[in-house]
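# Coordinates in review
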Amino acid sequence: MTDQAVQTPATSNPAGHPERVFSGVQPTGNLHLGNYLGAIRNWVPLQDQRPSIFCVVDLHAITAGFEPDLADKTREIAAAYIACGIDPKKSIVFPQSRVSAHAELAWILNCVARIGWLDRMTQFKDKAGKHKERVSVGLYAYPVLMAADILAYRATHVPVGEDQKQHLELARDIAQKFNNDLNVPGFFPQPEPLILGPTPRVMSLRDGKAKMSKSDASDLSRINLKDSDEEIAAKIRKARTDPEPIGGTMEEMDARPEASNLLGIYAALAGKPKADILEQFEGAQFSTFKNELADLAVSVLGPIRQRMAALLTDKAEIDRVLEDGAARARAIAMPILAETRKAAGFL
Ligand code: AQP
């Protein structure tokens, strides 16, 4: 996957703004295989195609409560980006909170987005659960801040996991409404979601119907990028499956969500279509398949963990990289924010 050219769709950008890639990850909890396969890994080839901006979205991280070691977690995500193959000289890597345009544009866009639009966001419903009145206003407005992250750079291509598709559609609606309401056609381009790879939604190792998530109470549900080789292998061996051997059609496997998820993880790690993996392991017992999957996962994730650990021994260098990225990000976002303020009619 990482060394293949990625076909990206054309985006609606009538004003011909320069094309840019933007994406980010929150510095909350441990980065896991879902973040890697659904997002970060897919960013690597994109940075050779268009100018790319990869943000550590620390303002998003506080929507669910203040993190005690936010700065260290921010450094950890930056180290993960670099360990996974993001080149901070080629791409811009920075913490969201170091570029004030994100928060300022988010306020303007809060006045564009409609309550009815936000009420439809399924991630908010999942995260707020039954106690909607007790969660922060920030959690509710999260997708508007995400729209601001993207539009602050007039980003045209946004590689995300499938779980973020609805937020991307909202960002497109907000961009369109801003352009229409203020009569500035093409001011913001329509950002195009890039949902890439054979496994755009990695599911929990304990429940094939729930997505792999940092906030799942069970650590056995996910493979963390920081897990040791032994932990990775043990979690894969303990992953829930069913008693049947691997086989059947892709449609039949879809009715076996845990089994299908493991095949999907194998396919994504191997950089092959899932149908090929189904054919390769047809008739195999899960005990055999899990050993192969564990070896593959360790061979991909082990070197990433080692690179991350090496990078994190020099915090000052990570801070220098992030500060350099923030300065380059500001140089793009601040003029776009100034134009936005003008379009909105501020003095
Ligand atoms: N399970 C997943 N499969 C595929 N992609 C995933 N992503 C997250 N989980 C999966 C993608 O990772 C990127 C960064 O996500 P984020 O930092 O915004 O956090 P998130 O989506 O909220 O991730 P989590 O693990 O689910 O965190 P919690 O538990 O805190 O909610 C995004 O591109 C996302 O699509």
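Small disclaimer: the values here were computed from a predicted structure and weren't measured. (Residues numbered from 1 in each chain as written. Predicted model: local features only at pLDDT ≥ 70, side-chain atom pairs only at ≥ 80, totals over all residues. Heavy atoms only, no water.)

## A look at the overall build of the protein
Put simply, the rule reads: Labels follow the DSSP assignment, with helices taken as runs of H or I lasting at least four residues and strands as runs of E lasting at least two, numbered in each case from the N terminus. To get the radius of gyration, use the C-alpha atoms; to get the globule rule, take the number of residues to the power 0.38 and multiply by 2.2 Å. When accessible area is computed with a 1.4 Å probe and restricted to protein chains, residues below 20% of their type maximum are described as buried, those above 50% as exposed, and intermediate ones as partly exposed. In this description, contact between two residues means that some pair of their heavy atoms is separated by no more than 4.5 Å. To be clear on the numbers: accessible area is Shrake-Rupley with a 1.4 Å probe, and residue cover counts the displayed protein chains and nothing else. When charges are counted, Lys and Arg are positive and Asp and Glu negative, with His and the chain ends excluded. We put the charge of a Lys on NZ, of an Arg on CZ, of an Asp on CG and of a Glu on CD.
Each helix and strand in the protein was counted, giving 14 helices and five strands. In terms of overall size, the protein behaves like a compact globule, its C-alpha atoms giving a radius of gyration of 20 Å where 347 residues would be expected to give roughly 20 Å. Along the longest, intermediate and shortest principal axes, the C-alpha atoms of the protein span 70 × 45 × 45 Å. Going through the 347 residues of the protein one by one, you find that 53% of them count as buried. Sequence separation of at least 24 residues holds for 77% of the intrachain contacts in the protein that already meet a minimum separation of 6. Carbon and sulfur atoms make up 52% of the accessible area of the protein, which totals about 15,400 Å². With 42 positive and 44 negative side-chain charges, the protein shows a separation of 5 Å between the mean positions of the two kinds.

## Some points on the layout of surface pockets
To be explicit about the condition: Computed over the protein atoms alone on a 1 Å grid, cavities are sets of points where a 1.4 Å probe fits but cannot get out and pockets are open sets with protein on both sides within 12 Å along at least five of seven lines; a residue lines them when it has an atom within 4 Å of a point. Grid points are joined across faces, edges and corners, and a volume is the space filled by probe spheres set on the points. When residues are grouped by polarity, Ala, Val, Leu, Ile, Met, Phe, Trp, Tyr, Cys and Pro land in nonpolar, Asp, Glu, Lys and Arg in charged, and all others, Gly among them, in polar.
Counted as a void, the largest pocket has a volume near 1,100 Å³. Considering the residues around the largest pocket, the lining is formed by 42 residues, among which Gln-26, Gln-123, Asp-163, Gln-164 and Lys-211 are closest to the centre. Of all the secondary structure elements, the ones that give two or more residues to the lining of the largest pocket are strand S1 (21-25), helix H1 (33-46), helix H6 (122-128), helix H7 (137-151) and strand S4 (157-159). With five residues, H7 is the single largest residue contributor to the lining of the largest pocket. Its residues assigned to classes, the lining of the largest pocket comprises 15 nonpolar, 18 polar and nine charged.

## A short note on empty space enclosed by the protein
On inspection of all chains with the given rule, the structure shows two cavities of 30 Å³ or more. Looking at the largest cavity, its volume works out to about 60 Å³. Lining the largest cavity we find Met-121, Gln-123, Phe-124, Lys-127, Leu-139, Tyr-140, Tyr-142, Pro-143 and His-167. Counting residues per element, the ones that place at least two in the lining of the largest cavity are H6 and H7.

## Some details on the packing of helix H3 (residues 70-84) against helix H14 (residues 315-344)
Counted only if it meets this: A fitted line through C-alpha atoms serves as each axis, taken over the contacting stretch for helices, and the angle formed by two N-to-C directions is quoted from 0 to 180°. Roughly parallel refers to an angle under 35 degrees, roughly antiparallel to one over 145, roughly perpendicular to one between 65 and 115, and oblique to any angle outside these ranges.
Closest axis-to-axis distance for the H3/H14 pair is 10 Å, and the angle between their directions is 80 degrees. One finds that H3 runs roughly perpendicular with respect to H14. Contact residues: H3 offers Asp-72, Thr-74, Arg-75, Ala-78, Ala-79 and Ile-82, while H14 offers Lys-315, Ile-318, Asp-319, Val-321 and Leu-322. Partitioned by chemical class, the residues of the contact of H3 with H14 number six nonpolar, one polar and four charged.

## Comments concerning the site of the ligand
The criterion, for reference: Nearness here has a simple test: a residue counts as near a molecule or strand if at least one of its heavy atoms is within 4 Å of that partner. Within 3.5 Å is the distance limit for a polar contact, defined as a pair of N or O atoms, with the added protein rule that one can donate a hydrogen and the other accept it, and that residues adjacent in sequence qualify only through two side-chain atoms.
Around the ligand there are 22 residues in total, and His-32, Lys-127, Asp-163, Ser-213 and Ser-215 lie nearest to it. Between Gln-26 and the ligand, the recorded distance is 2.7 Å, taken from a backbone N or O atom to an oxygen atom. Asn-35 is positioned such that a nitrogen or oxygen atom in its side chain is 3.1 Å from an oxygen atom of the ligand. Burial of the ligand by the protein amounts to 96% of the accessible area it has alone, namely 640 Å².

## Focus on the environment of Ile-174
Note on placement: Ile-174 falls in helix H8 (residues 165-181). Among the residues examined, Ile-174 registers a relative accessible area of 0% and is labelled buried. Spatially, the C-alpha atoms of Ile-174 and Glu-323 are 30 Å apart, while their sequence positions differ by 149 residues. Residues in contact with Ile-174, not counting those within four places in the same chain, are Leu-109, Val-112, Ala-113, Trp-117, Val-144 and Ala-147.

## Notes on the packing of aromatic side chains
Aromatic ring pairs are defined here through the distance separating the ring centres and the angle between the ring planes. To be explicit about the condition: Ring pairs shown here join Phe, Tyr and Trp side chains whose ring centres sit within 6.5 Å, with only the six-membered ring taken for Trp; geometry is labelled stacked below 30 degrees between planes, edge-to-face above 60, and tilted in between.
A full pass over the atoms with the stated rule returns 12 aromatic pairs. Plain terms: the ring middles of Phe-22 and Tyr-153 are 5.6 Å apart, the flat faces sit at 15 degrees to each other, and that makes the pair stacked. Remark: Tyr-153 occurs in the loop between H7 and S4 and Phe-22 occurs in strand S1; sequence separation between them is 131 residues. Exposure class is identical for Phe-22 and Tyr-153. Each is buried.

## Observations regarding the domain arrangement of the protein
What counts here: Segmentation of the chain into domains, including their bounds, is taken from an automatic or database domain assignment. Reported buried area values correspond to the accessible surface (1.4 Å probe) lost by two parts on association, with both partners' losses combined.
Examined at the domain level, the protein breaks down into domain 1 (10-195 + 314-344) and domain 2 (219-310). Spacing between the C-alpha centres of domain 1 and domain 2 amounts to 30 Å. Counting residues at the interface gives 13 residues for domain 1 and 15 residues for domain 2. Taken together, the two surfaces of domain 1 and domain 2 that pack against each other cover about 1,200 Å², and 68% of this comes from carbon and sulfur. Of all residues in domain 1, the largest losses of buried area upon contact with domain 2 belong to Asn-30, Leu-33 and Ala-83, amounting jointly to 38% of the total for that side.

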